[in-house]
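Residue-level structure breakdown
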Amino acid sequence: MNIVIMGAPSCGKGIQAKLIEKKFGLEHISTGQILRDFIAKNNKESAKIKEIMSRGEFIVDSLMCKIVSLKLDEINDKGFILDGFPRTEKQTKFLLKHYSPDVVLYLHTDKDIALERCENRVVCPVCKKSYDKRLVSNLVCPDDGEILITREDDKPDVYLKRYKIFEKETKPILDLFKRYGKLEVIDNNGDIESTFNEISKILVNMR
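Below: a short report on this structure. (Residues numbered from 1 in each chain as written. Predicted model: local features only at pLDDT ≥ 70, side-chain atom pairs only at ≥ 80, totals over all residues. Heavy atoms only, no water.)

**Details of the environment of Phe166**
With respect to the helices and strands, Phe166 occurs in helix H7 (residues 156-170). Taking C-alpha positions, Phe166 is 9.5 Å from Phe58, a pair spaced 108 residues apart along the chain. In contact with Phe166, other than residues within four places in its own chain, are Gly7, Ala8, Pro9, Tyr106 and Lys171. (Helix = DSSP H or I, 4+ residues; strand = E, 2+ residues; numbered from the N terminus. Contact = heavy atoms within 4.5 Å.)

Dropping the structure here:
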């Protein structure tokens, strides 16, 4: 089974993707994490990517399609959960042509709730896990003891720019997936468990 999970920036796509990965035995592919790993190489090309992301802008379509293609080819026939791609019409057409998903899960999240989740998200610089800073003691990662940090693209001014781009470029491609009969819309304004229960019902029925 091949899945695309979509939603507003910081709405909790990564958390849901990890839960799907664990329950259904699929591979979670986070394009955001792929890019952050690339930035960590600290070379000339990665510095350019870091600058683009720090401004809240998206990477050009040609580069994103290349990155995703290389990763999907690595996993061969194992099912995937694609998180963070596609974000534009060109990326969508590329995906449908070469790696057409079985279902697209859209996590519908009110803007104020997504912004609140962004403001409270911190990540571990080592294991890369995300946490709600209100729920973590002393802002220390419970797995490896590292101090949790705020991502550059989660700063409020950058986030609002990312959200604006999302509404302009990403939301319209939902109509394209709908025309192909692949779109499932899920209410994501509640807690993590309720969202995952709804996702699970959809995926179990597809097996």
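Read on, since the account is not over.
**Focus: the side chain of Asn120**
Topologically, Asn120 is positioned in the loop between helix H6 (111-119) and strand E5 (121-123). Asn120 sits in the buried class, given a relative accessible area of 10%. Within the structure, the side chain of Asn120 is placed 2.9 Å from the backbone oxygen of Glu116, a separation counted as a polar contact. If near-sequence neighbours (up to four positions away) are discounted, Asn120 is found in contact with Tyr131, Asp132, Lys133 and Arg134. (Buried < 20%, exposed > 50% of the residue type's maximum accessible area, 1.4 Å probe, protein only. Polar contact = N/O pair within 3.5 Å; in protein donor to acceptor, adjacent residues only side chain to side chain.)

**Concerning the sheet that holds strand E7 (residues 183-187)**
The strand order across the open sheet formed by 5 strands is E2-E3-E1-E4-E7, and the pairing between neighbours is parallel. This sheet does not close on itself; its edge strands, each paired only once, are strand E2 (27-30) and E7. In this sheet, adjacent strand axes meet at a mean angle of 20 degrees when their direction is disregarded. Bridge count between E2 and strand E3 (residues 80-83): 4 bridges; the pairing is parallel. The residue bridging Glu27 from the neighbouring strand is Phe80, located in E3. (Pairing = 2+ DSSP bridges. Axes fitted to C-alpha atoms, helices over the stretch in contact; angles between N-to-C directions.)

**Focus on the nonpolar core**
The biggest cluster of nonpolar side chains holds 48 residues, and the ones touching the most others in it are Ile3, Met6, Ile20, Leu72, Leu82, Leu95 and Leu105. Setting aside anything within four residues of it in sequence, one finds Leu105 in contact with Ile3, Val4, Ile5, Met6, Ile20, Glu184, Ile186, Ile199 and Ile202. Listed in part, the 6 residues of the second largest apolar core include Cys124, Tyr131, Val136 and Cys141. (Core = buried A, V, L, I, M, F, W, Y, C linked by side-chain atoms within 4.5 Å.)

**A few points about the pattern of salt bridges**
Applying the stated criterion across every chain, the model contains 11 salt bridges. Note that Lys71 and Glu74 form a salt bridge whose closest N and O atoms lie 3.6 Å from each other. Residue Lys71 and its partner Glu74 are both found in helix H4 (residues 61-74); the two are separated by 3 residues, about one turn of the helix. According to the relative accessible area criterion, Lys71 is partly exposed, its value standing at 26%. Between Glu89 and Lys93 there is a salt bridge, and its shortest N-O distance comes to 3.1 Å. One end of the pair is Glu89 and the other is Lys93, both in helix H5 (residues 89-98) and 4 residues apart, which spans about a single turn. With relative accessibility at 48%, the residue Lys93 sits in the partly exposed group. In the salt-bridge network here, residues are joined through shared partners; they are Glu116, Asp132 and Arg134. (Salt bridge = Lys/Arg side-chain N within 4 Å of Asp/Glu carboxyl O.)

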